[in-house]
Amino acid sequence: MPITPFHLFPAGVVYFLFHRRLHGIAFILASVLMDIEPVLYLVLGSPRGSFPLLLGSYVPMSLHWFTHNPFAVFLVMAPFTTILTKTLELAKPLWLQIFSEAEWVAYSWRSTYLTAILGGFVHLGWDSTVHGDVNFGFPFTRISNPLINSQFAIWIGMLSLILIVPAYFVGKRINGDSPFQKLP
Ligand SMILES: [Zn+2]
């Protein structure tokens, strides 16, 4: 969070600008799937207790204790998103039937993974301005989040809303085509 679907706006700005270089499905999935954790807790109930860190001490199990940190982006969420994305790619004939005008661009596993990392960090970046339980040291130690800033959080949200349309047109010039003309 903040309100998961709104992550599509900052992600959309970045994607529109660089869509040729980014795996669309991986980027969009990575920018929202980070919130699997808080959404699960909201449905199933918040976790209680503490989790032992590798260098000693504990971290309380809050809404964002496991997925919202750089370690989880690199080693949990980006690999998970990459595998999910590559599985979805198996339906290529179906995708091309639905979006018959689109050009299929082949992305390697490596570029899909790197795209998922970028999507994860776009999510984490905005969340870091909002959530005090983002722990940059997980799973080793506790590093309290220095980026909390409600004014900055609002600015990111407003700017991404304002910039989404200009980003589309600038991205069209940079990439030579529309983001809606290519898959995946
Ligand atoms: Zn989040």
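Because the structure is predicted, anything quoted here is derived from the model rather than measured. (Residues numbered from 1 in each chain as written. Predicted model: local features only at pLDDT ≥ 70, side-chain atom pairs only at ≥ 80, totals over all residues. Heavy atoms only, no water.)

1. A short note on the overall build of the protein
And then number 1: The number of helices and strands found in the protein is seven helices and four strands.
And then number 2: Start at the N end of the protein and walk to the C end: the helices and strands fall as α-α-α-β-β-α-α-β-α-α-β.
And then number 3: Taken over the C-alpha trace, the protein has a radius of gyration of 18 Å; the compact-globule value for 184 residues is 16 Å, and the two agree within 12%.
And then number 4: Here the protein holds 184 residues, and the buried ones make up 45% of them. (Helix = DSSP H or I, 4+ residues; strand = E, 2+ residues; numbered from the N terminus. Rg over C-alpha atoms; globule rule 2.2 N^0.38 Å. Buried < 20%, exposed > 50% of the residue type's maximum accessible area, 1.4 Å probe, protein only.)

2. Structural notes on the nonpolar core
And then number 1: The biggest cluster of nonpolar side chains holds 12 residues, and these are I25, L29, A30, L33, M34, V73, M77, A78, A116, I117, L124 and V134.
And then number 2: Looking at this core, the elements that each hand over two or more residues are α2 (24–33), α4 (70–89) and α6 (109–128).
And then number 3: Look past the residues within four positions of L33 in its chain and what remains in contact with it is M77, F80, T81 and L84.
And then number 4: Within the second largest apolar cluster, 10 residues are counted, among which are A11, Y15, V122 and I164. (Core = buried A, V, L, I, M, F, W, Y, C linked by side-chain atoms within 4.5 Å. Contact = heavy atoms within 4.5 Å.)

3. What to know about helix α3 (residues 36–44)
And then number 1: Considered for burial, the residues of α3 that qualify are E37, P38 and Y41. Seen along its axis, α3 keeps its buried residues to an arc of 95°; they face one direction. Within α3, the exposed residues directed more than 90 degrees away from the buried face are L42, V43 and L44.
And then number 2: Residue G45 follows α3 closely and has a positive phi angle near 105°. (Arc of directions from axis to C-beta.)

4. Notes on the packing of aromatic side chains
The description of an aromatic ring pair rests on the distance of the ring centres and on the angle between the ring planes.
And then number 1: Under the definition given, this model contains 14 aromatic pairs.
And then number 2: Consider the rings of F66 and F138, whose centres lie 5.8 Å apart with planes at 85°: the pair is edge-to-face. Taken together, the positions of F66 in the loop between β2 (58–60) and α4 and F138 in the loop between α6 and α7 (150–175) put the pair 72 residues apart, joining distant regions of the chain.
And then number 3: On the basis of relative accessibility, which here comes to 30%, the residue F66 falls in the partly exposed class.
And then number 4: For F138, a relative accessible area of 3% translates into the label buried. (Phe/Tyr/Trp six-rings, centres within 6.5 Å; stacked < 30°, edge-to-face > 60°.)

5. Side note on the pattern of salt bridges
And then number 1: As enumerated under the stated definition, the model contains three salt bridges in all.
And then number 2: Linking D177 and R20 is a salt bridge whose minimum nitrogen-to-oxygen distance equals 2.6 Å. One end of the pair, D177, is in the loop between α7 and β4 (182–183); the other, R20, is in the loop between α1 (8–18) and α2, with 157 residues separating them in the sequence.
And then number 3: Exposure remark for D177: the relative accessible area of 12% places this residue in the buried category.
And then number 4: Classification of R20 by relative accessible area gives partly exposed; the value is 27%.
And then number 5: Several salt bridges share partner residues, and in doing so they unite R20, E103 and D177 into one network. (Salt bridge = Lys/Arg side-chain N within 4 Å of Asp/Glu carboxyl O.)

6. Structural notes on the environment of P47
And then number 1: Here P47 shows up in the loop between α3 and β1 (50–52).
And then number 2: Along the primary structure P47 and W65 are separated by 18 residues, whereas in three dimensions their C-alpha atoms are 9.8 Å apart.
And then number 3: Apart from residues no more than four positions distant in its own chain, P47 is found in contact with Y41, M61, S62 and W65.

7. Observations concerning a nonpolar patch on the surface
And then number 1: A surface patch of nonpolar side chains, amounting to about 690 Å² of accessible area, comprises I36, V39, L40, V43, L44, F80, L84 and L88.
And then number 2: Of all the secondary-structure elements, those providing two or more residues to the nonpolar patch are α3 and α4.
And then number 3: No other element matches α3, which puts five residues into the nonpolar patch.
And then number 4: Positionally, V39 belongs in helix α3.
And then number 5: Here V39 falls in the partly exposed class, since its relative accessible area comes to 37%. (Patch = residues over 30% accessible without salt bridge, like charges linked within 9 Å, V, L, I, M, F, W, Y side chains within 5 Å. Areas by Shrake-Rupley, 256 points an atom, 1.4 Å probe, with all protein chains shown as cover.)

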